[in-house]
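Coordinate analysis (summary)
Residues per chain are reported as follows:
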Amino acid sequence: MHKFTRNPQQEIQISGTSSVLGYLAVRTLEPFLHAFQREPVAAVLTLAEMVQGPGADIIVRRAGRIRFQLSTLIERELRSQAELRSAVEQLIVGLNVIHLARQRLNSSRDEWLRVTLLAELDGYPPTELEQLRRLLHDPGWQSRYETIRSLRQREGIYTAADLVLLHDGLNDSAAHVRAAAARMLGLFASTPPALLVKALTRVALYDCDLETRYAAARTLGLLGDRIASPQLIDHLSLCLSDADPFVRSAAALALGQLGELAGTREIVGKLTDLIGDRDPYAREAAARAIGRLGVAAATTSVINALLRAMEDEDANVHDAAIDAVTRLRKVKATLPLTVSKANETMPV
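These notes cover the structure that comes with them. (Residues numbered from 1 in each chain as written. Predicted model: local features only at pLDDT ≥ 70, side-chain atom pairs only at ≥ 80, totals over all residues. Heavy atoms only, no water.)

**A closer look at the overall build of the protein chain**
The test is simple: To qualify as a helix, a DSSP run of H or I must reach at least 4 residues; to qualify as a strand, a run of E must reach at least 2; elements of each kind are numbered from the N terminus. Any residue under 20% of the maximum accessible area for its type is buried, any over 50% is exposed, and the rest in between are partly exposed; the area is computed with a 1.4 Å probe on protein chains only. The contact criterion used is simple: two residues touch if any of their non-hydrogen atoms lie within 4.5 Å. Accessibility throughout is a Shrake-Rupley quantity obtained with a 1.4 Å probe, and a residue counts as covered only by protein chains that appear here. Charge counting treats Lys and Arg as positive and Asp and Glu as negative, with His and both chain ends excluded. A single reference atom marks each charge: NZ on Lys, CZ on Arg, CG on Asp, CD on Glu.
Looking only at helices and strands, the protein chain features 22 helices and zero strands. Taking the principal axes of its C-alpha atoms as reference, the protein chain extends roughly 80 × 45 × 30 Å. Considering the protein chain as a whole, with its 348 residues, one finds that 48% of them fall into the buried category. For the protein chain, the proportion of contacts with a sequence separation of at least 24, taken over those separated by at least 6, is 68%. Looking at the protein chain as shown, the accessible area adds up to about 17100 Å², and 53% of this sits on carbon and sulfur atoms. Charged side chains in the protein chain number 41 positive and 41 negative. The centres of these two groups are separated by 2 Å.

Take a look at the structure:
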């Protein structure tokens, strides 16, 4: 689904299908067809648990033939076989395929998916594909996004109901809704409840959408000293060593947004080590974060590490290191000599 979320219409064409329904059917059936080749009995039993009716038998009987011509055959058989349409619908709904497709779509592509798929379903009898129709007619599809954005009118004075709405928004299936909730939380004039901070931190670290992760990290920075507890800093610090490079880079981004509030010797040391990470996104995020930690990072050893990062083969890491060196040299130039020397002697 990753390519689909970047450019849905192009990905549909590349896949060999001509419709959204056909594309979703292909992507939904592919795992079963692969499993059927390796462990046919287990694959059939799993399919039987998810699909009721004769459509499951059609899929099993066609499995060997459609494996190599899936895109072409599935669209043709969807048009001619009501039982197959029912089976595919059950799989799409049961496996949350629409939810997965929407997770990274921005608002315009999200609406395109809904409108296009609804138009395609209109070509089938109205008594069929009812679950999909109900899902696509969900009044909350766009209204949640618009309702959350309307909170801007509150000018940061949120009610308890508003905070519940933002919490639900941070857990929404659509990436642009989660991003909007994160941004609106950043306008909160008071200190958000711990449950909201936990949800926001989870989005900043683990969300599948880059724009949403950035929106959440940015809000962590905007809320700043209202939420920058030792527990939060320690949690982000631990995530700098996570096995997943996306989590490492997300943690660095969040710490960078917190700025000097996260400028402990331990954090500076971990981020300096992260400049040498195998993942270029993590290296870039670490370099950018270090440049925002202020006095604690304005040491010769840290600046030297950034100078080495300026030789990185990745252009983004190179640019991030230049920016960080420039920032830290300005900070260092403003320090009294005694403070600068004391800072240099502190272990990182």
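**Regarding the pattern of salt bridges**
Worth spelling out the cut-off: Salt-bridge detection follows one rule: a side-chain nitrogen of Lys or Arg within 4 Å of a carboxyl oxygen of Asp or Glu.
Here the structure, examined in full by the defined rule, presents 16 salt bridges. Salt-bridge contacts for Arg-27 lead to Glu-11; the nearest nitrogen and oxygen are separated by 3.3 Å. Residue Arg-27 is found in helix H3 (residues 20-38), and its partner Glu-11 is found in helix H2 (residues 8-15); the two are separated by 16 residues along the sequence. For Arg-27, a relative accessible area of 24% corresponds to the partly exposed category. Here Glu-77 ties to Arg-62 by a salt bridge, and the two come within 3.0 Å at their closest N and O atoms. In this pair, Glu-77 is assigned in helix H6 (residues 70-80) and Arg-62 in helix H5 (residues 55-66), connecting sequence segments 15 residues apart. Pair check on accessibility: Glu-77 and Arg-62 agree, each one buried.

**Let's talk about helix H21 (residues 315-333)**
Here is the rule: Expected helix span is computed as 1.5 Å times (number of residues minus one). Along the arc lie the directions from the helix axis toward the C-beta atoms. In protein, a polar contact means a hydrogen-donor-capable atom and an acceptor-capable atom, both N or O and within 3.5 Å, with residues adjacent in sequence counting only if both atoms are side-chain atoms; elsewhere, any N or O pair within 3.5 Å suffices.
Between its terminal C-alpha atoms H21 stretches 27 Å, which fits the 27 Å expected from 19 residues at 1.5 Å a residue. Listed in full, the buried residues belonging to H21 are Val-317, Ala-320, Ala-321, Ala-324, Val-325 and Leu-328. Projection of H21 onto a plane perpendicular to its axis shows the buried side chains occupying an angular sector of 135 degrees, all on one side. Opposite the buried face of H21, at more than 90 degrees from it, the exposed residues are Ala-315, Lys-330 and Ala-333. Those residues of H21 that are buried are in contact with helix H19 (280-290) and helix H20 (300-309). Near the N-terminus of H21, the side chain that reaches the backbone nitrogen of Asn-316, with its oxygen 2.9 Å away, is that of Asp-314.

Note that every value here comes from positions in space, so none of it alone points to a role or purpose.
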